[in-house]
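Report on the structure
These are the residues of each chain, in order.
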Amino acid sequence: QDITALKRAEAEARQSEEWFRAAFEQAGGGMGLRGIDPRNPRWLRVNQKLCDILGYTREELLQLKSVDITPPEERDVAIDYNEKLRSGELTTFSREKRYMRKDGRVIWANITLTPVSGPDGRPTHLISVIQDITARVEAEKQFRLSAAVFETTQDGIMVTDASNCILLVNPAFTRITGRTPDEVIGKSPS
């Protein structure tokens with residue numbers, strides 16, 4: 001009976017490991033397990049999505065520390081947050097930060113770090129979940145630039161919808177026409 005129970009426990013452990021491996025590898029974002037030492041946070045395990053985001057092979061990434069792919073001017077901040085996670089001051093942490101890809105490009109990512117505790121309750125490693133948000137950050141940057149041009153250009157600009165209804169005018173439009181936004185928004189240009 002003890003042998004049967006042991007075999008069942010081993011089978012359950014194998015199944016659990018298979019489920020973990022499948023979830024880890026097939027996650028929609030980059031995932032990695034890292035060491036807990038804030039100054040030496042080595043990657044212990046990484047999924048293929050993280051490798052794709054950062055442009056490294058799995059073998060290359062496992063030779064690096066997370067600070068190796070963090071821009072130098074941001075490393076102290078990263079080390080500080082890692083220390084807070086290790087000490088228990090933070091139980092999880094999420095922020096937007098930059099990473100340096102293998103090809104030299106800098107990307108933006110949203111990273112969530114969560115410590116995993118050992119049997120004694122002390123953190124043994126960190127789970128990192130990383131989403132590439134470079135496209136969103138670049139779109140926001142372009143939007144801010146367009147908004148600045150819209151507000152500061154000397155040319156009058158009027159934005160209409162498909163039914164030719166005025167949605168927006170810039171300050172130069174008001175200066176040139178003498179018409180305020182309240183007077184023209186919602187009306188036809190004619």
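Scroll up for the structure.
Residues numbered from 1 in each chain as written. Predicted model: local features only at pLDDT ≥ 70, side-chain atom pairs only at ≥ 80, totals over all residues. Heavy atoms only, no water.

As for the nonpolar core
Counting 20 residues, the largest nonpolar core has Trp 43, Leu 50, Leu 54, Leu 61, Ile 69, Tyr 99 and Ile 130 as the members making the most contacts within it. Listed by contribution, the elements that provide at least two residues to this core are strand S2 (43-46), helix H2 (48-54), strand S3 (93-100), strand S4 (106-117) and strand S5 (123-132). Excluding residues within four positions of it along the chain, Ile 130 makes contact with Gly 29, Gly 30, Trp 43, Leu 50, Ile 53, Tyr 99, Ala 109, Asn 110 and Ile 111. (Core = buried A, V, L, I, M, F, W, Y, C linked by side-chain atoms within 4.5 Å. Buried < 20%, exposed > 50% of the residue type's maximum accessible area, 1.4 Å probe, protein only. Helix = DSSP H or I, 4+ residues; strand = E, 2+ residues; numbered from the N terminus. Contact = heavy atoms within 4.5 Å.)

Quick word on a nonpolar patch on the surface
Together, Val 159, Leu 167 and Leu 168 give the surface a local cluster of nonpolar side chains, amounting to about 230 Å² of exposed area. When you line up the elements, Leu 167 lands in strand S7 (residues 166-169). By relative accessible area, Leu 167 is classed as partly exposed at 44%. (Patch = residues over 30% accessible without salt bridge, like charges linked within 9 Å, V, L, I, M, F, W, Y side chains within 5 Å. Areas by Shrake-Rupley, 256 points an atom, 1.4 Å probe, with all protein chains shown as cover. Salt bridge = Lys/Arg side-chain N within 4 Å of Asp/Glu carboxyl O.)

Side note on the pattern of salt bridges
Counted under the stated rule, the structure contains eleven salt bridges. Overlapping salt bridges, with partners in common, bring together Glu 73, Glu 74 and Arg 98 in one network.

Focus: the pairing of S3
Of the strand pairs in this sheet, S3 and S4 are connected by eight bridges, and their pairing is antiparallel. Paired with Arg 98 across the strands is Trp 108, a residue of S4. (Pairing = 2+ DSSP bridges.)

Quick look at the side chain of Thr 70
Counting through the fold element by element, Thr 70 comes out in the loop between helix H3 (58-61) and helix H4 (75-87). Here the side chain of Thr 70 touches Ser 66 through a polar contact of 3.0 Å, landing on its backbone oxygen. Ignoring sequence-local partners within four residues, the contact set of Thr 70 consists of Arg 75, Lys 97, Arg 98, Tyr 99 and Met 100. (Polar contact = N/O pair within 3.5 Å; in protein donor to acceptor, adjacent residues only side chain to side chain.)

A short note on H4
Here H4 is 13 residues long and its end C-alpha atoms lie 18 Å apart, about the 18 Å a rise of 1.5 Å per residue gives. Every buried residue of H4 is accounted for by Ala 78, Ile 79, Asn 82 and Leu 85. Projected onto a plane normal to the axis of H4, the buried residues spread over an arc of 120 degrees and lie on a single side. In this structure, the buried side of H4 is in contact with strand S1 (30-35), S3, S4 and S5. Looking one or two residues past H4, Gly 88 carries a phi angle of roughly 90 degrees, positive in sign. (Expected span 1.5 Å × (residues − 1). Arc of directions from axis to C-beta.)

Considerations on the pairing of S4
Joining the antiparallel neighbours S3 and S4 is a turn of five residues, in which Gly 104 adopts a positive phi near 95 degrees. Counting the residues in the hairpin turn of S4 and S5 gives five residues, including Gly 121, whose phi is positive at 90 degrees.

Brief notes about the side chain of Arg 98
Considering the arrangement of structural elements, one finds Arg 98 in strand S3. Here the side chain of Arg 98 touches Glu 73 through a polar contact of 2.4 Å, side chain to side chain. A polar contact is formed between the side chain of Arg 98 and the side chain of Glu 74, at a distance of 2.5 Å. Apart from the residues lying within four places of it in its own chain, the contact partners of Arg 98 are Ile 69, Thr 70, Pro 71, Glu 73, Glu 74, Val 106, Ile 107 and Trp 108.

Overview of empty space enclosed by the protein
Inspection of the entire model under this criterion finds one cavity of 30 Å³ or more. Its boundaries defined by the atoms lining it, the largest cavity holds a volume of some 90 Å³. Lining the largest cavity are 13 residues; nearest its centre among them are Arg 34, Ala 78, Asn 82, Lys 97 and Leu 113. Top element by residues in the lining of the largest cavity is S3. It accounts for four residues. Its residues assigned to classes, the lining of the largest cavity comprises seven nonpolar, three polar and three charged. (1 Å grid on protein atoms, 1.4 Å probe; cavity = no way out; pocket = protein on both sides within 12 Å on 5 of 7 lines; lining within 4 Å. Points joined across faces, edges and corners; volume = space filled by probe spheres on them. Nonpolar A, V, L, I, M, F, W, Y, C, P; charged D, E, K, R; others polar.)

Bear in mind that shape data such as this cannot, by itself, settle questions of function.
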